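# Analysis of the macromolecular model
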Amino acid sequence: VSENEKPYLTVDNEDVLKTGMVIALDVKTIGSKDEIIHSVDVYELTEDGNRKLSDFRDWSQMYQYDCNYDDMGNCLYRKTQRSYSYGKMQNDSLVERTYDREGRETGYSSKVWREDAWIGVRKYSLVYDDYGNVAENCIYMWNESQVDWIPEIRTSRSYDSEGRLVSDASYYWSDGAWVG
């Protein structure tokens, strides 16, 4: 779970925390060199308060993010650099995104840095219907031997005029064709 995926808590969240729940307290702050200092502590809520299950204390691996945004405020790419054992910042990961004229995300790719080049990991493409619903989602995996993105899974959905899901079909890529 991340701050970009539900479930997460915000100031205006109405969910009530209860005994037995496990929460991760994810704190990020900016250091003196504009580095992001990040800590995650995990707690179980108990009848007596809380019990700390784990924490993150290794500050030797500092992160730095470099983001580029379009005129609509959409993140086009985010490059992460990491410092190992308080050393020089090195490339770590890269996320690139594309958007349509309405600002809806149409593509997403993630890459990792290996030696001296960005290597693909996973890529998504999204197609929307006339009502703004995701009509198709394709997932691709990077194939190092072919040096190309290879289709993996495709999901096609259709909706009625009220936005209710009418059909949902998934396919996988096999021997050069979609199989469902």
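Everything below is about the structure shown above.
In this text, all values refer to a predicted model and were calculated from it rather than measured experimentally. (Residues numbered from 1 in each chain as written. Predicted model: local features only at pLDDT ≥ 70, side-chain atom pairs only at ≥ 80, totals over all residues. Heavy atoms only, no water.)

## A few points about the overall build of the chain
Scanning the chain from terminus to terminus reveals zero helices and 12 strands. The helix and strand sequence of the chain, counted from the amino end, reads β-β-β-β-β-β-β-β-β-β-β-β. Buried positions account for 22% of the 180 residues belonging to the chain. Pairs at least 24 residues apart make up 19% of the contacts formed inside the chain by residues separated by at least 6 positions. For the chain, the computed accessible surface area is about 12900 Å², with 47% contributed by carbon and sulfur atoms. (Helix = DSSP H or I, 4+ residues; strand = E, 2+ residues; numbered from the N terminus. Buried < 20%, exposed > 50% of the residue type's maximum accessible area, 1.4 Å probe, protein only. Contact = heavy atoms within 4.5 Å. Areas by Shrake-Rupley, 256 points an atom, 1.4 Å probe, with all protein chains shown as cover.)

## Notes on the pairing of strand β6 (residues 89–99)
Both strand β5 (residues 75–83) and β6 contribute to a ladder of seven bridges, which runs antiparallel. Opposite Y77, over in β6, you have E96 as the bridge partner. Note that β6 and strand β7 (residues 105–114) share seven bridges and pair antiparallel. Following the sheet pairing, E96 is matched in β7 by S109. (Pairing = 2+ DSSP bridges.)

## A word on the pattern of salt bridges
Scanning the model with the defined rule gives 10 salt bridges in all. K111 is the partner of E96 in a salt bridge, and the nearest nitrogen-oxygen pair spans 3.1 Å. Here E96 is found in strand β6, whereas its partner K111 is found in strand β7, with 15 residues between them in sequence. One salt bridge in this structure joins E105 and R97, with 2.7 Å as the shortest N-O distance. Shared partners join several salt bridges into a network, and the residues in it are D100, E102 and R104. (Salt bridge = Lys/Arg side-chain N within 4 Å of Asp/Glu carboxyl O.)

## Quick notes on the pairing of β7
Between β6 and β7, which pair antiparallel one after the other, the connecting turn spans five residues, and G103 there sits at a positive phi close to 85 degrees. Pairing analysis gives eight bridges linking β7 to strand β8 (residues 117–128), with the strands arranged antiparallel. Bridging from a neighbouring strand, R114 pairs with A117 of β8. Turn length for the β7-β8 hairpin, with the two strands adjacent in sequence and antiparallel, is two residues, and the turn residue E115 shows positive phi of about 60 degrees.

## Brief notes about unusual backbone geometry
Notably, V147 is not glycine yet its phi reads approximately 50 degrees, a positive angle. For V147, the location among the structural elements is in the loop between β9 (134–143) and β10 (148–159). Since its relative accessible area comes to 57%, V147 is described here as exposed. Look at D175: it is not a glycine, yet its phi comes out positive at around 50 degrees. Note that D175 resides in the loop between β11 (165–174) and β12 (177–179).

Any functional reading would require information that these geometric values do not contain.
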